[in-house]
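Each chain, written out:
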Amino acid sequence: MYKFFLCGVIIHLIFLSSIFDIYFLSPVIRDLTPQKDLSNPPARRLVLFVADGLRAESFYRTDFSNSDYLGKIATKEGVAGISHTRVPTESRPGHVALIAGLYEDPSAVTRGWKDNPVDFDSVFNRSRVTFSWGSPDILQIFVKDSGRKHIYTHSYTNQDVDFSGKNRTIWLDEWVFSRTKEFLLRNVTEELKSMDKVVFFLHLLGLDTAGHVHKPNSRLFVDNLVAVDRGVKEIVSLFENIFPDGRTSFIFTADHGMSDRGAHGAGHHHETETPILAWGAGVKIKASWKPLENIEQADIAPLMSALIGIAPPMNNVGRLPLQFLNVSQEYKSRALQSNALQIMAQFNKVSTAFYRGKLSRYFRNYEREQSLREQSREIQWKISGKQYREAIEMSSRVIKDALLGIEFYQSYYQKLFLLTVSVAMIVWMIISFQELTSGHLEYVSRVIDSRVTVIYTLLLSFTITFVILQQINFRLTVYLILPIILQFVTLKRWNYFNAIRFRTNITFILLYAAGVELFVLAFFYRFTLAAILLIYCAIESFQKYREGIPKIMLVKWILSSIVLSIFPSLPVIEKDANDLVLLFIGTLLWCIHSFASFCMTIMKEVESRWELTHKYGTIILHVIVNVNLLASVKSITSGEGLNPGYQVVSWISLILALLLPVLSPLDPETRLWALARSFSVPISIMSLSYEPIFFFVFSVNLITWFQMEFQGKPADVNKTFLDRRDFIRMYIILLYIFISFFGTGNFASISSFDPNWVRCLVTTFSPFLMATLIILKLMAPILLVVSVLRTIHTVSKTEIGKLFIVILLICDVMGVNFFYLITNRGSWLEIGQSISHFVIIEVTVLVLLLLFYVTYPFTNLDLVTMLLRGQQLLPTTKKRRKNQ
């Protein structure tokens, strides 16, 4: 069966990559030639201030009461507006849009948006020289090519980014301001003063850090904004003194905004709306700053290019916002023409690649292609004839139509690939069902009819010929031939469908399919998870009552199900992350439960001293964690930073919590309770909200369900047949996994990951360590579910491969749904969610399979007994077979 799962991993990786090739192609078009620079630009140099994490609402809401200088600029000396960003609202994609004029390459998602697998052009590349100061993560984005010797970077280290609250966040911005002042006072030569096409970039990270640590509505965030305003004023004054020619342009903006809880990444308007201020050489002075000018974030790149007279970045998709410019009509028309020709060059590249196919002449082409080429040539005639207004209108139409044309040719084969990948997914599900039922009957090799072989050979030959003639790349070729190969494989195993006598009926199949569709609905309406849980609880409770399950156990499961059903409907992204009362209640519940369990152990006179030690130890550990966390929060919020002693206690508690279960020689049910208590420790350490309460209720409900399922039931030795009950159990396992998605964080939203979670463990900016700890917290309930799954496998003696195939079938049906629900239009929040839904479902089985082996020490390893007696807690499959 390992061959089946290996093929499954490969096939699902193909399915996963298909959405990027079908729906989201890279915006980076290669081998382009830049346009010519513009003559007589209004500015020689440009100064770009990017206040990382500053949302428009925080900047404009008080009529500039927190930013006197920038308020004066907006009302009297320049143009103020709102720049609309796109999801993901993260630092890297935002800066790429600002400086390169393109929206993040979807292929960069595989690297967490920290690095772009494809190189791209930028304003910095087009400049004669660029000087930049700020965070290393941002500055290094634009110097990937070692040949870019004209881009100079000056940055602090990641260790200087402090989340403990001890250091003032403005320190990061003061570092940038002071280094910029030092450069201007010491390194500006006469040659630099007379040089044109010069860019100065100041990346200000303080506001982003202040928003994460103190939240955007806090006094400390406002203080940081006041300090930024003061720093910008000093820098601008210095520029005007050192470069007195009046040929300096200034732009102040942000890469993304931030929610009220100090997070970003999603599509809330607080995260997608950022301020944009422009003033200085070549910039219009508006009589009134209201109404605000609305532009797209990518429009800022061609604006900066036009101000200093450089060609727009070659991969730019922004449109020059003429309303910001105070230049002649001739210059506006030439600048917008350069913008239009630059986008037209991208259109020519993709259309040429399309017509390279031998059969393309017989296919439908872009309906506006001919007029688009004629208009792009006519623009120059209009400018030469001084018909500037007509030239500007024509350039605007060319930009609009060329962008639509690029999309047309890049998505030309979209419907064909949608069809072939869909067929491949459906056929794979048939193969999975064949594998699931293969143990029920004697396998008989099927002799495939020669005519069928000829038909499939011709079909494969035709597909390969089409691929060669159209010069389709290898990755896209896979999507065309995969369904043909998979269909041929199913024919050799079709006897399974002819001979099978599976114990099921149409009613069960329909109910099962309806249950899967409810899971799909739950990704859009999370209260559906609560409905599924309550409906199952009602049906199962009646059945278990008839079976004579102890009433105390049944009542505990019913009550915990009712309480657990509340959590999927609670808000996730905007929840209160500072409720210490909820934290205390959650931890107290575990202490009470551990103490009650401890007392019952004494009453039963269990001889295991390790069991007593474990339960007593977890009570003490929870108390220590709770007290230490309260002390840590007080230390951080008081501005003293995290006391090193508190940090050490947090780390020791975390390590002990992960070690305790392996040191407990307990029976399966008690081991699960031990795991639940231990996994609750990292949740308590990294939570300032209701997560501990959720995990307590979740654990009680899950483990009680397991106890009811297997209490008093003899194991069916060597069980290979999966009945309806096995299907239902795997369905419930997935239900618990989906519920856990929204208990300790929203897996489908980047903005729900709060770096404050790890402040009691890590205080400096350490992306890898912080991400690891956050993943540990988010995975705690899933690890518990997988531990239950492993225990089900051990107790029921069912082939684990069969159980995973059932889960795989559920996820594959959901995957087909999400494959067609992916969208590349509409709001960017919807686009991001549609991708994450499909990705989550495609990797669920793979992740569960990996976690199944990761959880081995937690469920099957008894370190104490192994050391003392050389025994294991639970017999492994290999040992069981040997004993038989």
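Bear in mind the structure is a predicted one, so any value in this text is a computation, not a measurement.

Side note on the overall build of the protein chain
Move 1: The secondary structure content of the protein chain amounts to 34 helices and eight strands.
Move 2: Across the protein chain, every contact between residues at least 6 apart in sequence was considered, and the portion connecting residues at least 24 apart equals 81%.
Move 3: As displayed, the protein chain has an accessible area near 37300 Å², and 61% of this comes from carbon and sulfur atoms.

Some remarks on unusual backbone geometry
Move 1: For the bond running from Lys290 to Pro291, omega is 0°, close enough to zero to count as cis.
Move 2: With respect to the helices and strands, the residue Pro291 is situated in the loop between strand S7 (273-280) and strand S8 (293-296).
Move 3: Phi is positive for Asp63, which is not a glycine, with a value near 50°.
Move 4: Within the secondary structure, Asp63 sits in the loop between helix H2 (56-60) and helix H3 (68-77).
Move 5: Here the phi dihedral of Lys386 falls at roughly 60°; this positive angle occurs in a residue that is not glycine.
Move 6: Note that Lys386 resides in the loop between helix H14 (369-384) and helix H15 (388-410).

Observations regarding the packing of aromatic side chains
Move 1: Counted under the stated rule, the structure contains 55 aromatic pairs.
Move 2: Their ring planes at 90° and their centres at 5.6 Å tell us that Phe804 and Phe852 sit as a pair that is edge-to-face. Placement of Phe804 in helix H30 (residues 800-821) and of Phe852 in helix H31 (residues 828-854) is noted, with a sequence separation of 48 residues between them. Like Phe852, Phe804 is buried.
Move 3: Ring pairing ties together the aromatic residues Phe347, Phe354, Tyr355, Phe363, Tyr366, Phe408, Tyr409, Tyr412, Tyr413, Phe417, Phe466 and Tyr479, which thus form one cluster.
Move 4: Directly above the aromatic system of Phe852 lies the positively charged group of Arg790, at a separation of 4.0 Å from the ring centroid.

Observations concerning the packing of helix H22 (residues 551-564) against helix H27 (residues 691-710)
Move 1: Between H22 and H27, the shortest axis-to-axis distance is 9 Å and the interhelical angle comes to 140°. Accordingly, the angle class assigned to the pair H22 and H27 is oblique. For the element pair H22 and H27, the recorded crossing hand is left-handed. Contacts from Met553, Leu554, Lys556, Trp557, Ser560, Ser561, Val563 and Leu564 of H22 reach H27 at Phe694, Val697, Phe698, Val700, Asn701, Thr704, Trp705, Gln707 and Met708.
Move 2: A breakdown of the residues in the contact of H22 with H27 according to their chemical character gives eleven nonpolar, five polar and one charged.

Quick notes on the sheet that holds strand S1 (residues 45-51)
By definition, the strands of a sheet pair up through backbone hydrogen bonds, in either a parallel or an antiparallel sense.
Move 1: Strand order across the open sheet formed by eight strands is S4-S3-S5-S1-S6-S7-S2-S8, with mixed pairing between neighbours. Looking at which strands have only one partner, the edges of the open sheet turn out to be strand S4 (151-155) and S8. For this sheet, the mean angle separating the axes of adjacent strands, direction not counted, is 20°.
Move 2: The pairing of strand S2 (residues 78-84) with S7 spans seven bridges and is antiparallel. Its bridge partner being in S7, His84 is matched across the sheet by Glu273.
Move 3: Along the sheet, H3 makes contact with S2, strand S6 (248-253) and S7, crossing S7 at roughly 65°.

Here's the deal with the confidence of the model for the protein chain
Move 1: Averaged over the protein chain, the pLDDT score is 82; the fraction of residues at 70 or greater is 81%.
Move 2: Between residues 573-577, whose pLDDT stays under 50, and residues either more than four places distant or in other chains, the model counts 17 contacts.

Brief notes about the pairing of S1
Move 1: Among the seven residues that make up S1, seven are buried, leaving the element largely enclosed by the rest of the structure.
Move 2: Bridge analysis of S1 against strand S5 (residues 198-204) gives seven bridges, and the strand direction is parallel. Looking at the pairing, Leu48 lines up with Phe201 of S5.
Move 3: Across six bridges, S1 lies against S6 in parallel orientation. From the neighbouring strand, Arg45 faces S6, where its bridge partner is Thr248.

Some points on the side chain of His256
Move 1: When you line up the elements, His256 lands in the loop between S6 and helix H11 (269-272).
Move 2: Reaching out from His256, the side chain makes a polar contact with the side chain of Ser91 at a distance of 3.4 Å.
Move 3: Apart from residues no more than four positions distant in its own chain, His256 is found in contact with Asp52, Gly53, Leu54, Thr85, Thr89, Glu90, Ser91, Asp208, His264, Glu271 and Thr274.

Cut-offs applied
- For every chain, the first residue of the written sequence is number 1, and numbering continues from 1 onward in sequence order.
- Thresholds applied to this predicted model are a pLDDT of at least 70 for local features of residues and 80 or more for the giving and counting of side-chain atom pairs; totals over whole chains, interfaces and linings are not thresholded and use all residues.
- By convention in this description, side-chain values take in all heavy atoms of the structure and omit both hydrogens and water.
- Numbering goes from the N terminus for both helices and strands, where a helix is a DSSP run of H or I of at least four residues and a strand is a run of E of at least two.
- We call two residues in contact when some of their heavy atoms are within 4.5 Å.
- Accessible areas in this description were obtained via Shrake-Rupley with a 1.4 Å probe; residue shielding takes into account the shown protein chains only.
- Each aromatic pair joins two rings of Phe, Tyr and Trp (for Trp, the six-membered one) with centres within 6.5 Å, and gets the label stacked for planes under 30 degrees apart, edge-to-face for over 60, and tilted for any other angle.
- Here's how the labels work: a residue is buried when its accessible area is under 20% of the maximum for its type, exposed when over 50%, partly exposed in between, all with a 1.4 Å probe on protein chains only.
- As a reminder, the over-ring test applies to NZ of lysine and CZ of arginine, requiring each to be within 6 Å of the ring centre and within 35 degrees of the ring normal.
- A fitted line through C-alpha atoms represents every axis, and for helices the fit uses only the stretch in contact; the resulting angles, taken between N-to-C directions, go from 0 to 180 degrees.
- Here the word oblique covers every angle except those under 35 degrees (roughly parallel), over 145 (roughly antiparallel) and from 65 to 115 (roughly perpendicular).
- The sense of a crossing depends on the near helix, which, turned anticlockwise from the far helix by less than a right angle, makes the crossing left-handed and, turned clockwise, makes it right-handed.
- In this count, Pro and Cys sit with the nonpolar residues alongside Ala, Val, Leu, Ile, Met, Phe, Trp and Tyr, while Asp, Glu, Lys and Arg are called charged and the others, Gly among them, polar.
- Pairing between two strands is assigned when DSSP locates at least 2 bridges connecting them.
- Each residue carries a pLDDT value, the predictor's own confidence for that position, ranging from 0 to 100.
- Here a polar contact means two N or O atoms within 3.5 Å. Within protein one must be a hydrogen donor candidate and the other an acceptor candidate, and residues neighboring in sequence count only if both atoms are side-chain atoms.

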